Amino acid sequence: MYMKVRIDGTEHEGTAVEILDHLRMAAFDPTEYPDAGSYLRQLRENFIRATDLECVLPPSGLERQARAMFAQLARAGAMEVIDDG
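Below: a short report on this structure. Worth saying up front: this structure is predicted, and the values here are computed from it rather than measured. (Residues numbered from 1 in each chain as written. Predicted model: local features only at pLDDT ≥ 70, side-chain atom pairs only at ≥ 80, totals over all residues. Heavy atoms only, no water.)

## Details of the overall build of the protein
Helices and strands together make up the secondary structure of the protein, namely three helices and three strands. Starting at the N terminus, the α and β elements of the protein follow one another as β-β-α-α-α-β. Taking 12 Å as the expected radius of gyration for a compact globule of 85 residues, we find that the protein reaches 12 Å, a close match to that expectation. Overall, the protein is about 30 × 25 × 25 Å in size when its C-alpha atoms are taken along their principal axes. (Helix = DSSP H or I, 4+ residues; strand = E, 2+ residues; numbered from the N terminus. Rg over C-alpha atoms; globule rule 2.2 N^0.38 Å.)

Rendered as structure tokens:
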């Protein structure tokens, strides 16, 4: 499902997994995370560490998990969800 987000003034669009993978590739060392799933786990751990907030993701489905992570980041003010499909 299509979505559009804004992070630090830059807009990203596509499915949540496509956006997640784009963010992974833009990371300092994208080879550190071999796939979108591993990057999502790292993003979640950093979110919890930085905010001291819980971050519960659906038990399955990378697309659903990524969308839930983006919703958490938006609530914390780290990104803006422009279009949620």
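## Comments concerning the pattern of salt bridges
Per the stated rule, a full pass over the model turns up five salt bridges. Arg-6 is the partner of Glu-80 in a salt bridge, and the nearest nitrogen-oxygen pair spans 2.8 Å. One end of the pair, Glu-80, is in strand β3 (residues 80-83); the other, Arg-6, is in strand β1 (residues 2-7), with 74 residues separating them in the sequence. Note that Asp-21 is salt-bridged to Arg-24, the shortest N-O span being 2.7 Å. With Asp-21 and Arg-24 both in helix α1 (residues 16-26) and three residues apart, this pair spans about one turn of that helix. Classification of Asp-21 by relative accessible area gives partly exposed; the value is 28%. It is possible to trace a salt-bridge network through shared partners that takes in Lys-4, Arg-6, Glu-11 and Glu-80. (Salt bridge = Lys/Arg side-chain N within 4 Å of Asp/Glu carboxyl O. Buried < 20%, exposed > 50% of the residue type's maximum accessible area, 1.4 Å probe, protein only.)

## Some details on the packing of aromatic side chains
Counting across every chain of the model gives one aromatic pair. An angle of 70° between the planes, with centres 5.6 Å apart, marks the rings of Tyr-33 and Tyr-39 as edge-to-face. The pair Tyr-33 / Tyr-39 is uniform in exposure class, with both members buried. (Phe/Tyr/Trp six-rings, centres within 6.5 Å; stacked < 30°, edge-to-face > 60°.)

## Points about the nonpolar core
When a protein is soluble and globular, its nonpolar side chains tend to lie buried together. Residues Leu-20, Met-69, Phe-70 and Leu-73 are the most contacted members of the largest nonpolar core, which totals 20 residues. Broken down by secondary-structure element, the contributors of at least two residues to this core are β1, α1, α2 (36-51) and α3 (62-75). Sort the elements by how many residues they give to this core and α2 lands first, with five residues. Those residues within four positions of Leu-20 in sequence are excluded, and the remaining contacts are Ala-36, Tyr-39, Leu-40, Leu-43, Ala-66 and Phe-70. (Core = buried A, V, L, I, M, F, W, Y, C linked by side-chain atoms within 4.5 Å. Contact = heavy atoms within 4.5 Å.)

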